[in-house]
Protein chains: 4
Amino acid sequence: MPETSDRKDDHIRIIEEEDVETAGAGFADIDLVHEALPEVHRDEIDTTTTLFGHELAAPIVIESMTGGHPNTTKINRALAEAAQETNIAMGVGSQRAGLELDDEDLLESYTVVRDVAPDAFLYGNVGAAQLLEYDVEDVEEAVDMIEADAIAVHLNFLQEAVQPEGDVDARGCLEEIERVADGLSVPVVVKETGNGIARETAERLAEAGVDAIDVAGQGGTTWSGIESYRAAAVGADRQEAIGQLFRAWGVPTAVSTYEAAQVHDTVIASGGVRSGLDIAKAIALGAQAGGLAKPFLGPAGQGTGAVVDLIETLELELRTAMFVTGSGSVDELRDTDYVVLGRTKEYLESRSE
Amino acid sequence: MPETSDRKDDHIRIIEEEDVETAGAGFADIDLVHEALPEVHRDEIDTTTTLFGHELAAPIVIESMTGGHPNTTKINRALAEAAQETNIAMGVGSQRAGLELDDEDLLESYTVVRDVAPDAFLYGNVGAAQLLEYDVEDVEEAVDMIEADAIAVHLNFLQEAVQPEGDVDARGCLEEIERVADGLSVPVVVKETGNGIARETAERLAEAGVDAIDVAGQGGTTWSGIESYRAAAVGADRQEAIGQLFRAWGVPTAVSTYEAAQVHDTVIASGGVRSGLDIAKAIALGAQAGGLAKPFLGPAGQGTGAVVDLIETLELELRTAMFVTGSGSVDELRDTDYVVLGRTKEYLESRSE
Amino acid sequence: MPETSDRKDDHIRIIEEEDVETAGAGFADIDLVHEALPEVHRDEIDTTTTLFGHELAAPIVIESMTGGHPNTTKINRALAEAAQETNIAMGVGSQRAGLELDDEDLLESYTVVRDVAPDAFLYGNVGAAQLLEYDVEDVEEAVDMIEADAIAVHLNFLQEAVQPEGDVDARGCLEEIERVADGLSVPVVVKETGNGIARETAERLAEAGVDAIDVAGQGGTTWSGIESYRAAAVGADRQEAIGQLFRAWGVPTAVSTYEAAQVHDTVIASGGVRSGLDIAKAIALGAQAGGLAKPFLGPAGQGTGAVVDLIETLELELRTAMFVTGSGSVDELRDTDYVVLGRTKEYLESRSE
Amino acid sequence: MPETSDRKDDHIRIIEEEDVETAGAGFADIDLVHEALPEVHRDEIDTTTTLFGHELAAPIVIESMTGGHPNTTKINRALAEAAQETNIAMGVGSQRAGLELDDEDLLESYTVVRDVAPDAFLYGNVGAAQLLEYDVEDVEEAVDMIEADAIAVHLNFLQEAVQPEGDVDARGCLEEIERVADGLSVPVVVKETGNGIARETAERLAEAGVDAIDVAGQGGTTWSGIESYRAAAVGADRQEAIGQLFRAWGVPTAVSTYEAAQVHDTVIASGGVRSGLDIAKAIALGAQAGGLAKPFLGPAGQGTGAVVDLIETLELELRTAMFVTGSGSVDELRDTDYVVLGRTKEYLESRSE
Ligand SMILES: Cc1cc2nc3c(=O)[nH]c(=O)nc-3n(C[C@H](O)[C@H](O)[C@H](O)COP(=O)(O)O)c2cc1C
Ligand SMILES: Cc1cc2nc3c(=O)[nH]c(=O)nc-3n(C[C@H](O)[C@H](O)[C@H](O)COP(=O)(O)O)c2cc1C
Ligand SMILES: Cc1cc2nc3c(=O)[nH]c(=O)nc-3n(C[C@H](O)[C@H](O)[C@H](O)COP(=O)(O)O)c2cc1C
Ligand SMILES: Cc1cc2nc3c(=O)[nH]c(=O)nc-3n(C[C@H](O)[C@H](O)[C@H](O)COP(=O)(O)O)c2cc1C
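Being a predicted model, the structure only gives us computed values, none of them experimental.

A. Representation of the overall build of chain A within the structure. Looking only at helices and strands, one finds 16 helices and 14 strands in chain A. Its C-alpha atoms give chain A a radius of gyration of 19 Å, near enough to 20 Å, the size a compact globule of 353 residues would have. Taken along the three principal axes of its C-alpha coordinates, chain A extends 60 × 45 × 40 Å. Every one of the 353 residues in chain A was classed for burial, and the buried ones make up 68%. Nonlocal contacts in chain A, meaning residues at least 24 apart in sequence, comprise 78% of its contacts between residues at least 6 apart. With the model as given, the accessible surface of chain A reaches about 11200 Å², and the carbon-plus-sulfur share is 42%. Positive and negative side-chain charges of chain A, numbering 24 and 68 respectively, have mean locations separated by a distance of 6 Å.

B. Representation of the packing of aromatic side chains within the structure. Inspection of every chain in the model, using the stated rule, returns 16 aromatic pairs over all chains. Measuring from centroid to centroid gives 6.0 Å for B:F323 and C:F157, while their planes differ by 80°, and the two rings are edge-to-face. Placement of B:F323 in helix α14 (residues 304–324) and of C:F157 in helix α6 (residues 157–162) is noted, with the two residues assigned to different chains. Exposure remark for C:F157: the relative accessible area of 3% places this residue in the buried category.

C. Representation of the relation of the copies chain A and chain B within the structure. When chain A is brought onto chain B, the operation consists of a screw motion whose angular component is 90° and whose axial shift is 0.1 Å, with 0.0 Å RMSD remaining. Each copy turns onto its partner about a four-fold axis. Rotation axis and chain A: the residue whose C-alpha lies nearest the axis is A:G342, separated from it by 6.5 Å.

D. Looking closely at helix α4 (residues 104–116) of chain C. For α4(C), which comprises 13 residues, the first-to-last C-alpha distance of 17 Å matches the rise-based estimate of 18 Å (1.5 Å per residue) to within 8%. Where α4(C) bends most, the angle comes to about 45°, and this point is C:Y110.

E. Here's a closer look at the sheet that holds strand β7 (residues 121–127) of chain B. All names here are of chain B. Strand order in the closed barrel made by the eight strands is β5-β6-β7-β8-β9-β10-β12-β13, with parallel pairing throughout. Neighbour to neighbour, the strand axes of the sheet diverge by 25° on average, direction disregarded. Bridging between strand β9 (residues 188–191) and strand β10 (residues 212–214) involves three bridges; their strand directions are parallel. Paired with V190 across the two strands is I213, which belongs to β10. The sheet contacts of helix α11 (residues 253–261) involve β10 and β12 (267–270), and relative to β12 the element is tilted by about 175°.

F. Spatial organisation of the UniProt feature "domain: FMN-dependent dehydrogenase" (unreviewed entry) in chain A. Residues and elements named next belong to chain A. This chain's UniProt record puts "domain: FMN-dependent dehydrogenase" (unreviewed entry) on residues 22–95 and 168–335. Here residues 22–95 is 19% helix and 22% strand, with 27 Å between the C-alpha atoms at its ends. Helix makes up 55% of residues 168–335 and strand 10%. Its end C-alpha atoms lie 40 Å apart.

G. Broad picture of the interface of chain A and chain B. Contact residues are listed per partner, giving 33 residues for chain A and 35 residues for chain B. Between chain A and chain B lies a buried interface of about 3000 Å² when both sides are counted; carbon and sulfur atoms form 61% of it. Looking only at chain A, the three residues that lose the most surface to chain B are A:H34, A:L37 and A:E39, adding up to 22% of its buried area. If you look at where chain A meets chain B, you find six salt bridges. For B:R238, the salt bridge goes to A:D309, with nearest N and O atoms at 2.6 Å. Taken together, the connections running from chain A to chain B amount to 18 residue pairs in polar contact (both at pLDDT 80 or more). Listed by contribution, the elements that provide at least two residues to the side of chain A that touches chain B are β2 (30–32), α14 (304–324), β14 (338–340) and α16 (342–351) of chain A. Per element, the largest residue contribution to the side of chain A that touches chain B is nine residues, and it comes from α14(A). Residue classes in the side of chain A that touches chain B are distributed as 15 nonpolar, seven polar and eleven charged.

H. Fine view of the environment of B:G124. All names here are of chain B. Residue position: G124 is located in strand β7. Looking at G124, the relative accessible area reads 0%, which means it is buried. In this structure the C-alpha to C-alpha distance between G124 and H41, which are 83 residues apart in sequence, comes to 37 Å. Apart from the residues within four sequence positions on either side, G124 is in contact with V92, Q95, I146, A148, A150, I151 and A152.

I. Local environment of the UniProt feature "binding site: FMN" (unreviewed entry) in chain A. Residue and element names in this part refer to chain A. Following the UniProt record, the feature "binding site: FMN" (unreviewed entry) maps to S64, M65, T66, S94, N125, K191, T221, G272, V273, R274, A293 and K294 here. Spatially, the listed residues are scattered: they cover 231 residues, and their C-alpha atoms lie as much as 22.7 Å apart. Not counting residues within four places of it along the chain, the set of residues in contact with M65 comprises K8, L79, G91, V92, G93, A293, K294, F296 and L297. For N125, the position within the fold is in strand β7 (residues 121–127).

J. Structural context of the pairing of strand β13 (residues 289–292) of chain B. Residue and element names in this part refer to chain B. Because side chains alternate across β13, one face comprises the buried residues A289 and G291, and the other comprises G290 and L292, equally buried. Looking at chain direction, strand β5 (residues 60–62) and β13 are connected through three bridges and run parallel. The residue bridging I62 from the neighbouring strand is L292, located in β13. Assessed by its sense of winding, the connection that carries the chain from β12 through helix α12 (residues 276–284) to β13 is right-handed.

K. Spotlight on the site of ligand 2. All names here are of chain B. The full set close to ligand 2 counts 24 residues, and S64, K191, T221, R274 and A293 are the nearest of them. Within the backbone of S94, a nitrogen or oxygen atom sits 3.0 Å from an oxygen atom of ligand 2. For ligand 2, the accessible surface in isolation is 600 Å², of which the surrounding protein chains cover 100%. Among the secondary structure elements, those contributing two or more residues to the shell around ligand 2 are α1 (5–17), β11 (220–221) and α13 (294–302). When grouped by side-chain class, the residues that make up the shell around ligand 2 number eight nonpolar, ten polar and six charged.

L. Representation of the packing of α11(B) against helix α16 (residues 342–351) of chain B. Residues and elements named next belong to chain B. Contact geometry of α11 with α16 gives a least axis separation of 10 Å together with a crossing angle of 40°. The two elements α11 and α16 cross, and the hand of that crossing is right-handed. Counted together, A254, V255, Y258 and E259 of α11 and T344, Y347, L348 and R351 of α16 form the full contact between these two elements. Class assignment for the residues of the contact of α11 with α16 results in five nonpolar, one polar and two charged.

M. Representation of the sheet that holds strand β13 (residues 289–292) of chain A. Residues and elements named next belong to chain A. Taking strand neighbours around the barrel as the criterion, the eight strands line up as β5-β6-β7-β8-β9-β10-β12-β13 in a closed arrangement whose pairing is parallel. Adjacent strand axes in the sheet meet at a mean angle of 25°, parallel and antiparallel pairs treated alike. Along the sheet face, helix α2 (residues 73–86) touches β5 (60–62) and β6 (89–91) and points at about 160° away from the line of β6.

N. Geometry of helix α13 (residues 294–302) of chain A. Buried residues of α13(A): A:F296, A:L297, A:P299 and A:A300, and no others. A:G303, located one to two residues past α13(A), shows a positive phi value of around 130°.

O. View of the interface of chain C and chain B. With 35 residues of chain C at the interface, the matching set in chain B holds 33 residues. The largest share of the area that chain C buries against chain B comes from C:V168, C:R238 and C:W249, three residues that together contribute 23% of it. Taken together, the connections running from chain C to chain B amount to six salt bridges. C:R171 is paired through a salt bridge with B:E44; the nearest N and O atoms lie 2.8 Å apart. Of all the secondary-structure elements, those providing two or more residues to the side of chain C that touches chain B are α6, α7 (173–183), α8 (199–207), α10 (237–245) and α16 (342–351) of chain C. Ranked by residues supplied to the side of chain C that touches chain B, first place goes to α16(C) with six residues. Partitioning the side of chain C that touches chain B into residue classes produces 18 nonpolar, seven polar and ten charged.

P. Molecular detail of the pattern of salt bridges. Tallied over the entire structure, the rule returns 104 salt bridges over all chains. For the salt bridge of D:K345 with A:E349, the shortest nitrogen-to-oxygen distance reads 3.3 Å. Of this pair, D:K345 sits in helix α16 (residues 342–351) while A:E349 sits in helix α16, placing the two residues on different chains. Judged by relative accessible area, which is 11%, D:K345 ranks as buried. Put simply, C:R114 and C:D149 hold a salt bridge, and the shortest N to O gap is 3.1 Å.

Q. Highlighting unusual backbone geometry. In this structure, C:E39 is a non-glycine residue whose phi angle is positive, near 55°. Along the chain, C:E39 turns up in the loop between β2 (30–32) and β3 (49–51).

R. Quick look at the environment of B:F246. Of note, B:F246 is situated in the loop between α10 (237–245) and α11. A relative accessible area of 0% means that B:F246 is categorised as buried. Placed 87 residues apart in sequence, B:F246 and B:Q159 show a C-alpha to C-alpha distance of 9.6 Å. Dropping the residues within four chain positions of it, B:F246 is found in contact with A:L277, A:E317, A:T320, A:A321, A:V324, B:L158 and B:S224.

Calculation notes
Residues numbered from 1 in each chain as written. Chains lettered and ligands numbered in written order. Predicted model: local features only at pLDDT ≥ 70, side-chain atom pairs only at ≥ 80, totals over all residues. Heavy atoms only, no water. Helix = DSSP H or I, 4+ residues; strand = E, 2+ residues; numbered from the N terminus. Rg over C-alpha atoms; globule rule 2.2 N^0.38 Å. Buried < 20%, exposed > 50% of the residue type's maximum accessible area, 1.4 Å probe, protein only. Contact = heavy atoms within 4.5 Å. Areas by Shrake-Rupley, 256 points an atom, 1.4 Å probe, with all protein chains shown as cover. Lys, Arg positive; Asp, Glu negative; His and termini not counted. Charge placed at Lys NZ, Arg CZ, Asp CG, Glu CD. Phe/Tyr/Trp six-rings, centres within 6.5 Å; stacked < 30°, edge-to-face > 60°. Least-squares fit on C-alpha atoms with pLDDT ≥ 70 in both. Expected span 1.5 Å × (residues − 1). Bend = angle between axes of the 7 residues up to and from the residue. Pairing = 2+ DSSP bridges. Axes fitted to C-alpha atoms, helices over the stretch in contact; angles between N-to-C directions. UniProt positions renumbered as here; feature names shortened; annotations may be inferred. Buried area = accessible area lost by both parts, 1.4 Å probe. Salt bridge = Lys/Arg side-chain N within 4 Å of Asp/Glu carboxyl O. Polar contact = N/O pair within 3.5 Å; in protein donor to acceptor, adjacent residues only side chain to side chain. Nonpolar A, V, L, I, M, F, W, Y, C, P; charged D, E, K, R; others polar. Right-handed = clockwise from strand over helix to strand, strands pointing away. Near = heavy atom within 4 Å. Left-handed = near helix turned anticlockwise from the far one by under 90°.

So, in structure tokens, the structure goes:
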């Protein structure tokens, strides 16, 4: 994930101007089975869920995105105010800049979130590759920075591999993750950033004592694509081509959600989640909550109200899906019947052979 | 379903002007197996079928549509005259307005059907949600209003959920349906209005003593879509978006027909039925008859002759399908061989796992 | 099939001017497995096959098409001269006109074929429905008319059902076919005309003692489509609509070929056969030969040379397919490996359940 | 394959100007499973592989292409210099002209490769049909011509069948191949040229003692297509049509790779391989290396640098795929998990029945 201020700026510009999303998350291949006789009152459906003992008003997560540049303070403030107001979870972007650079204004781009969201479930963010340099105390510092309720450790090796200057040494990461999972004061979520986590990886992470998985699967924002545009801008042709070639690489979000949930109790589905209906489908596949990153970026630029509005829309979409599947609670939604079609069906069949 | 006069008017205008149909009913995925040697005379094929002891000339149903506004009298008269002339079944739209408002002209929009169709199989219509307020006597009043041969209780919770002012309390409906099924003087058909009835729901309705199911599955008229247009017209953005998101929600008609017929003896297939060939396919999947709503609206506006013409076309299409499958009767058609392809095949396979 | 002179003229005009072919014969879903090491000499491959004891130079059939109008003499002459020159099989169109009308010029449109093709395998053609009126002697007269090596009895009930004036009484046909198969001096082929013959029908025909099946399946020329255009021309709206609705009705040729060959030793595959490669695929599916109708019409209008040219092209295409599957003979081709994909795969799977 | 100088010129011109590639190699249907936690350093991944005891820097092969005309010396020099520089394998085109014609300049178009690539793995090329005329000593002469590390014997009977003047006698080839495999001083690779090698053929070649298979499957360059254009240019209509009809004939490369690897230890995947990611997929399917022909043609025209650049791009693409599947070596890549979708899935299922 972007760590320096300038790189962050490049990323945001590219995300706003270019086509940085792929199809194929797989939710279009999932049909929840309609319940014509739901026997619930839509407005009394209980959408609350619990993340590490913290009750959320709805199983919605604002995914790790930003922080690390004074310009991003505004965005994080809007997101956090909305998270506080609606009582949903929110992550900050990689805290590397905050941990490594000494700059008050920059630091504020992170700390603002707890200032304006004293009660929300907020989680920090560090890269798995950084853990090789950090000890548990450094990660604890990231926790303290925003009084985090949890820490997300991100895996983004494809993105690094597309960056001309990327960090492509992945050795020892699992051991570091195990060490942090063991020693940290708050729960550890391991997350991808757009390429998903396969069942086998999820198993190794479970053995390492990780508390939850955020799949961030193929579908939605493609960092390989974003880095390809950035490489193009500096004339790095070979990296540009690599980025295009791996643009849609990874385990589709629906598949990854299903697979991770076979192994972990707490799974966050992200990567191309675009509505409360997608969140409902993810929960039926086994997720605890659904997360979105890119769709929050525009509203965050407009201000807190726009973010709250999006959250309320997602909540109503989810509630409607719960209503027409007759699910009175998130746990009931997780047990609802669904149908798997098309490419996702082929994928799951092929994976289970 | 629309109950007030003004809302009814909105609906009709939208249905005439906007795209309110979805694909995916599934009939295109069903191939009846050709019988090159049919060994029947096409014109001596027996297309009659029996609905609750009443013999119809053909297994064709004009689905519940309208009534409740003086303007709709003309439409219902044309439909009923045609039903009388051709001896097929016909439903009226929700009788709520007729039961709750005291207005002679409005009432006539319902009563006209029996006036002009003394012998046709006519059935009434009430919403499941209304049953919470009605007792069996009130429903009996709906029966009397048109001397109904049966009552359809409609389930339309998705539509309600898309309406800004919708009734989204579905609790207790099954119990009320059971009470009415038990106490009413005529048979009770439970019908959806465009999202289908899954096998599990069909089973619960069978246990509740319901006499028949009209699946009204996904495909054809989408009330979610219609309400989305209506929400757009009044600037209700969030409802508009919900309506679009759930535009094609539900169990596809072909799937729902197959599933309901595993449980119920009498199943009416509707939702995207667009020809006598679709009716034939529905019967092969297990239906007793096929129903159409929207395709009758235009002809009804033109008059009785146009409705009769459409019924005769449907009848000849069905008869032709019976001919080239070598089916001398509707019962033989129900046993004819068919092939299931594409998405519908995937759907049925996934559902039976 | 067309029997009167005028109707015949309508048909030919429509076939030349309108789109009267459907896709879906299924050959595109069949892949013959390449043999990189064929171990044969292409030009020494034996493409001969035997039809009822008569050796053909190649398993190619000019399907039943025309005769019955003085104008068609030219077409039948060209086809027959080419059949004689290349030693392949040829059928004439329905002989009804020849049997029922008394007109020298008209009769010549049939008799010409034997005049110019003394050695070719020629077969006659009568409609199954006519058998109700004919006794075996009448059919024998059709044999005599062209000194036929076999008689094709065609089943075309869908076409009849689309014609405003069609003969839609299919009762008793099987019994008549059995009678003719039993009593006639030459073998009897039962053929469809574009809607295919399913396994169950093929079984009944085998029990009736029929000597061979020509599947004439869905794909290629659609008589339902042709009659729809003809109905349109006379303003018969309902028949026009029926014709469109059933335009692609029937068992796809590839499926029908496979199914018929499970039951009959001698199967001719037709309906959308468009190359020698399609013929090769049909043979791998179990056919004895492949037949084409419409593709011969244009060349026949140009003259014998053009027909011979098409036959030679088909023969070389077939020979090439035999070469690259390492098939030294038609029998070896029948045993070659093939792959079934897509809709045809779904069809066969669904049919075998 | 092209053997005379003029024909070679025709081919190159057509390849440059016309559409001579088909889709369907099948790599798009293969998804390697992402490893979010690769636990390797990208730049320390071992991409070396061994071909008949010769270590290559990467499992990349420049497929047999050219030689036999003075004009082609430049191309072969650039390819060979790049092979030497990057330590990958390279084949020359058919050596028939070099063996049969006596022309110094022409000979140089072959010998140049060893002159400039003293250490690279270089292999010669003869046609299977030529073996009927050659004895082992003649083939040994082809080996000596370039001090070849191996000889590729090509099978191209479809191409021959499309050429008006083609050699279509395939009899006795297997025996000749066996003789050469037995007697030659270097290993023998049997390769197709664009239509693939099915499992059954691979088995016969294994029994004949062949050392390796280069599948050259359907997908990528189509010689049937190329010869069709050439036939068109000389007005050979029937051959032109045959070429079009068989344009995409053959076992798709992904399928052929999988099948050949069930039987042979050493399989080279070629035919539509277009990136290092395709090579990675081929290796996961069982290949030892991946080969490309046409994509090298343009760069070879530009010079050695451009060829090296392409090889380095392929190497980085492969390395990136190894990185994100957590494969530290080519052997580990061969064991990586993959998913088979779409038409390729259908193909493999159908083939294994
Ligand atoms: C603008 C932006 C910045 C992101 N920054 C980070 C980050 O710093 N750390 C991280 O773990 N993931 C980061 N992500 C990835 C998301 O957290 C998430 O995994 C994924 O993008 C969700 O997919 P979606 O954008 O399709 O909803 C970022 C995503 C976006 C769109
Ligand atoms: C104009 C219109 C009005 C309708 N009104 C009612 C109604 O009042 N009650 C009801 O149960 N269904 C109603 N329906 C739904 C139909 O009865 C039926 O379930 C479904 O629309 C059939 O699908 P089709 O329109 O695609 O043929 C209505 C449908 C239409 C098109
Ligand atoms: C112009 C034309 C006339 C035909 N006439 C007859 C006929 O008289 N009797 C018959 O059995 N089939 C007839 N057929 C049907 C063909 O014999 C055959 O079953 C079918 O059309 C083959 O398909 P194809 O045209 O796609 O090759 C005719 C077909 C065509 C195109
Ligand atoms: C220009 C060109 C010339 C070729 N010449 C030969 C040849 O002489 N001998 C041979 O075995 N294959 C020859 N091939 C085939 C390739 O070696 C290879 O099998 C196949 O083309 C690989 O597919 P691709 O071009 O899609 O990468 C040639 C291919 C090309 C493009």
